[in-house]
Amino acid sequence: MNQPAIVTLTMNPALDVAADADEVRPTEKIRCRAERYDPGGGGINVARFAHALGASVAAVFTAGGPTGARVVDLVGAAGVPHTAVAITGATRESFTVNERATGQHYRFVLPGPTLTRDEQDRCLDALEERASSARFVVMSGSLPPGVQPDFPAEVAALCERTGASLILDTSGKGLSNSTSNVFLCKPSLRELSECVGRALATEADQLAAARELIDRGVARVVVVSRGAMGVLLATARDSRSFSAVTVPVVSEVGTGDAMVAGIVVGLSRALSIEDSVRYGIAAATAKLSTPGTAAFERDDVESLFGTYSISRR
């Protein structure tokens, strides 16, 4: 088994279904078309996008039932090396409807199957095997029912044993209960606000909240994605503000995962943290131009990265 530089972990993957509809109205049947199916869940998306960028990457994820089998097939078709951990419950589906009349996206997300402790332990065993020589582990996506909020801390301890740097992109109690051995976390502005328990109206408020996570030991580096407002990078010593890039939007689904993929690929190429965030923004921007959670073209990312500039505050 080849040892990848980057390994991703997805505890709650999904079969992502996306389709177009002319208009979404209550109580009526909504006729959809142009449907597409992609393997989804944060870590799977990160792995697919990192693979599209030419990185050495492998994905570890749970899979159960017919939907799980479909996800396994789709990950394989994408060319991503992977380990699928069999579970009793059926892998969930997620459904996105793109309303053509308004350009709005409606996303319907299920909670996922309940994982037993034995299934969680087998995920950790599979991760440790895949990540034995990896430089980075990315744990991304929601925690399914049955998985306790301190599970990311177990992954962090595993990374400490293997020597990998952990990048965490999760929300809710999974984020607030991560208190050690995380190199970088990437909350959205909403997730950051929920984590610290207060509104974050200004950039100063947002940077203060990001540094609060650092002071609490949640992570050494915090990257906050803020949509059209751009991205904030905070470390114990410094902070930077990165502007967003305006492009025509086909789908916003998966842009956060694309950003994480770009960041970890940049770090794996020995780019600075600032340039790695720039590369992440380039990947997220390129993702905006693809349907559903389809991957972008590497050349588009490289072109955006080459022309993007940063502002420092």
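- Under an unreviewed UniProt entry, the protein chain has the name Ribokinase-like domain-containing protein and belongs to Mycolicibacterium aurum.
- Under the UniProt heading Sequence similarities (unreviewed entry), the note attached to the protein chain is "Belongs to the carbohydrate kinase PfkB family."

Some thoughts on the pattern of salt bridges
Oppositely charged side chains can form a pair if their charged atoms are brought close together.
Next, step 1: For the structure shown, the criterion picks out 17 salt bridges.
Next, step 2: Its salt-bridge partner being Arg36, residue Asp38 comes within 2.8 Å of it at the nearest N-O pair.
Next, step 3: When its relative accessible area of 6% is taken as the criterion, Asp38 is described as buried.
Next, step 4: By relative accessible area, which is 28% here, Arg36 ends up partly exposed.
Next, step 5: Here Arg269 ties to Glu302 by a salt bridge, and the two come within 3.6 Å at their closest N and O atoms. One end of the pair, Arg269, is in the loop between helix 8 (255–268) and helix 9 (273–287); the other, Glu302, is in helix 10 (residues 298–307), and 33 residues separate them in sequence.
Next, step 6: The exposure class assigned to Glu302 is partly exposed, which follows from its relative accessible area of 29%.
Next, step 7: Each of Glu23, Arg25 and Glu28 takes part in one network of salt bridges that share partners.

So, the environment of Gly141
Next, step 1: Tracing the sequence through the fold places Gly141 in the loop between strand 8 (136–140) and helix 4 (151–162).
Next, step 2: Sequence separation of Gly141 and Thr116 is 25 residues, and the distance between their C-alpha atoms is 18 Å.
Next, step 3: The residues contacting Gly141, other than those within four sequence positions of it, are Gly42, Asp169 and Thr170.

Conventions and cut-offs
- Residues numbered from 1 in each chain as written.
- Predicted model: local features only at pLDDT ≥ 70, side-chain atom pairs only at ≥ 80, totals over all residues.
- Heavy atoms only, no water.
- UniProt positions renumbered as here; feature names shortened; annotations may be inferred.
- Salt bridge = Lys/Arg side-chain N within 4 Å of Asp/Glu carboxyl O.
- Buried < 20%, exposed > 50% of the residue type's maximum accessible area, 1.4 Å probe, protein only.
- Helix = DSSP H or I, 4+ residues; strand = E, 2+ residues; numbered from the N terminus.
- Contact = heavy atoms within 4.5 Å.

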